[in-house]
Amino acid sequence: MARKTKGRIFKRGQTWCLDYQVNGKRIRTVLRKPDGEPVTDKEEAELAADTELRPVLAKDKVERRRLVSNALATAEDKAREAERAAQERQDREDAERNKLPIAAAWDRYPYTENTRGSVTRQLSPRTIRDNASHWKVFADWAAEQDLTALEDIRPEHVPLFSRYLRDRMTANRHNKIMFTCSVVCRLSGRPDHFADSKRYRSEPVHRENLEPDEIRKVIDASSGELRRLFIVAAFTGLRLGDCATLQWSDIRIGADGGRIIRKTGKTRKTVRFPVHPELLAELERTPPKERAGDVCPELAATYRRDPVRLSVMTRRVFESCGLTTRAKDKAGRAATASVRGFHSFRHSFVTECARGGVPLGLVKEWLGHSSPEITRIYENWNIDRDADRILKALPS
């Protein structure tokens, strides 16, 4: 057997080293502490040298093999631990790199169709726009909470967002927004924390009409395209989306004043009705050469981008006129349901037609909607206010 020696320690700069031979092979190595740092103290160097040489100086092969085996097992454990740590680090980096930004989630996974069983139905363009606006509400809220990716959303965030919606919107709108969030999460393959969120029942709120003087007050308080939007609503009874996206090609101006012919966004029915002289006067403020595209281009763009924003804009005009837009709940607090808003123009249109003796069937044809609400307006007359009109309508 080749000669073995204890070896010697020596100093190189500030670091202690070990020089020894094993079976005729000379080995020089830097002595290190358990944490891997080089040894700079002599006493520590002697201890480290003993630890390094112990397997070499074992008195019998069994002990030497045992020590070597233990050292090898320790090295293998360290190698496995290092490999596991490296893999975890790689997984974290991959997960961070593959995170889906909340702001980009709708573009990649839009909620554009419903699937029930084996049947898939494409949603209407208007519904898709509504869904996009729902997701934007969540994206804006998430940005305020410093949440940037879907993977950052935790179950505890859902009730916070729900409470935010309940303070600002109707129960129906709350439920739709929460459902849209759930669908987008599922489409993206990310955890759907919205699936079990609480849904609320909408309490019916009676919509109030606008009286003629209130309509004039709202129109006079507005300007530009917003004023034109209100005039269109007052003399057509169209919904907000149909008024905002009214095209010049929908309007036929002629010797008899003209007609508006268009397909409504909600029912997809084509409706036609006459153009009132005051509405005609407003439309003729636009020179004939400029009558192309949207009648209210800026508001049309706002509605297509964010319908809720346009609704809020119109409600603010109502409130600036001192008109109540929110009902009071039992505790006297402002409820989220709207009692006066843009849709009040539609109610007022039907009411004025009823007062003027326009046949119910004709009004339904104009509005493209046979709603029980229209029938109720015709059936519920104010006897004190309309007594003279009723008497005059009876034959002598």
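Values in this document were obtained by computation on a predicted structure and should not be read as measured data.

Chemist: What should I look at first to understand a negative patch on the surface in this one?
Modeler: A contiguous patch of negative charge, built from Asp41, Glu43, Glu44, Glu46 and Asp50, is present on the exposed surface. By the element assignment, Asp50 lies in helix 1 (residues 42-57). Overall, the relative accessible area of 51% leaves Asp50 in the exposed class.

Chemist: Hey, could you run me through the packing of helix 8 (residues 224-236) against helix 12 (residues 307-320) in this one?
Modeler: Geometrically, a packed helix pair is captured by the angle between its two axes and the distance between the axes. Contact geometry of helix 8 with helix 12 gives a least axis separation of 12 Å together with a crossing angle of 85°. Compared by their axis directions, helix 8 and helix 12 come out roughly perpendicular. Of the residues in helix 12, those in contact with Leu226, Leu229 and Phe230 of helix 8 are Leu310, Met313, Thr314, Val317 and Phe318.

Chemist: I'm lost on the packing of helix 8 against helix 11 (residues 297-305) in this one. Help?
Modeler: For the pair helix 8 and helix 11, interaxial distance at closest approach is 8 Å and the crossing angle is 80°. With respect to each other, helix 8 and helix 11 are oriented roughly perpendicular. Across the interface between the two elements, Glu225, Leu226 and Leu229 of helix 8 pack against Pro297, Glu298 and Leu299 of helix 11. Class assignment for the residues of the contact of helix 8 with helix 11 results in four nonpolar, no polar and two charged.

Chemist: Would you mind going over the pattern of salt bridges with me for this structure?
Modeler: A side chain of one charge can pair with a side chain of the opposite charge if their charged atoms are brought near each other. Taken as a whole and assessed by the stated rule, the structure comprises 14 salt bridges. One salt bridge connects Arg227 with Glu282, and the closest N-O pair in it is separated by 3.1 Å. Placement of Arg227 in helix 8 and of Glu282 in helix 10 (residues 277-283) is noted, with a sequence separation of 55 residues between them. Here Arg227 falls in the partly exposed class, since its relative accessible area comes to 28%. A salt bridge links Arg262 to Asp250; the shortest N-O distance between them is 3.8 Å. Of this pair, Arg262 sits in strand 7 (residues 259-263) while Asp250 sits in the loop between helix 9 (240-244) and strand 6 (251-252), placing them twelve residues apart in sequence. For Arg262, a relative accessible area of 11% puts it in the buried group.

Chemist: Looking at this structure, how should I read the nonpolar core?
Modeler: For soluble globular proteins, nonpolar side chains are generally found buried alongside one another. Val218, Leu229, Phe230, Phe342 and Phe345 are the most contacted members of the largest nonpolar core, which totals 43 residues. The element contributing the most residues to this core is helix 8, with seven residues. Counting residues in each nonpolar core, the second largest holds 26 residues, with Ala139, Trp141, Ile153 and Cys181 among its members.

Chemist: Please clarify how the pairing of strand 4 (residues 113-116) should be interpreted in this entry.
Modeler: The side chains of a regular strand alternate between both faces of the sheet. Across four bridges, the pairing between strand 4 and strand 5 (residues 119-122) is antiparallel. By the bridge assignment for strand 5, Asn114 is matched with Arg121. The turn joining strand 4 and strand 5, which pair antiparallel and follow one another in sequence, is formed by two residues; a positive phi near 65° is taken by Gly117.

Chemist: Explain the confidence of the model for the chain to me, please; I cannot follow it from the model alone.
Modeler: When pLDDT is low, close inspection of the predicted coordinates is not appropriate. Scored by pLDDT, the chain has a mean of 81; 82% of the residues are at 70 or more. In this model, residues 329-335 is a region of pLDDT below 50 whose contacts with residues beyond four sequence positions or in other chains number nine contacts.

Chemist: Looking at this structure, I do not really get the sheet that holds strand 2 (residues 15-22). What am I missing?
Modeler: Each strand in a sheet pairs with another by means of backbone hydrogen bonds, the pair being arranged parallel or else antiparallel. In space, the three strands of this open sheet follow the order 1-2-3, with antiparallel pairing throughout. The sheet terminates laterally at strand 1 (8-12) and strand 3 (25-30), the two strands that pair on one side only. Between one strand axis and the next, the sheet turns by 25° as a mean value, whatever way the strands run. Where strand 1 meets strand 2, five bridges bridge the pair, whose relative direction is antiparallel. Considered in strand 2, the bridge of Ile9 is made with Leu18.

Rules behind the numbers
- Residues numbered from 1 in each chain as written.
- Predicted model: local features only at pLDDT ≥ 70, side-chain atom pairs only at ≥ 80, totals over all residues.
- Heavy atoms only, no water.
- Patch = residues over 30% accessible without salt bridge, like charges linked within 9 Å, V, L, I, M, F, W, Y side chains within 5 Å.
- Areas by Shrake-Rupley, 256 points an atom, 1.4 Å probe, with all protein chains shown as cover.
- Salt bridge = Lys/Arg side-chain N within 4 Å of Asp/Glu carboxyl O.
- Lys, Arg positive; Asp, Glu negative; His and termini not counted.
- Charge placed at Lys NZ, Arg CZ, Asp CG, Glu CD.
- Helix = DSSP H or I, 4+ residues; strand = E, 2+ residues; numbered from the N terminus.
- Buried < 20%, exposed > 50% of the residue type's maximum accessible area, 1.4 Å probe, protein only.
- Axes fitted to C-alpha atoms, helices over the stretch in contact; angles between N-to-C directions.
- Parallel < 35°, antiparallel > 145°, perpendicular 65-115°, else oblique.
- Contact = heavy atoms within 4.5 Å.
- Nonpolar A, V, L, I, M, F, W, Y, C, P; charged D, E, K, R; others polar.
- Core = buried A, V, L, I, M, F, W, Y, C linked by side-chain atoms within 4.5 Å.
- Pairing = 2+ DSSP bridges.
- pLDDT = per-residue confidence, 0-100.

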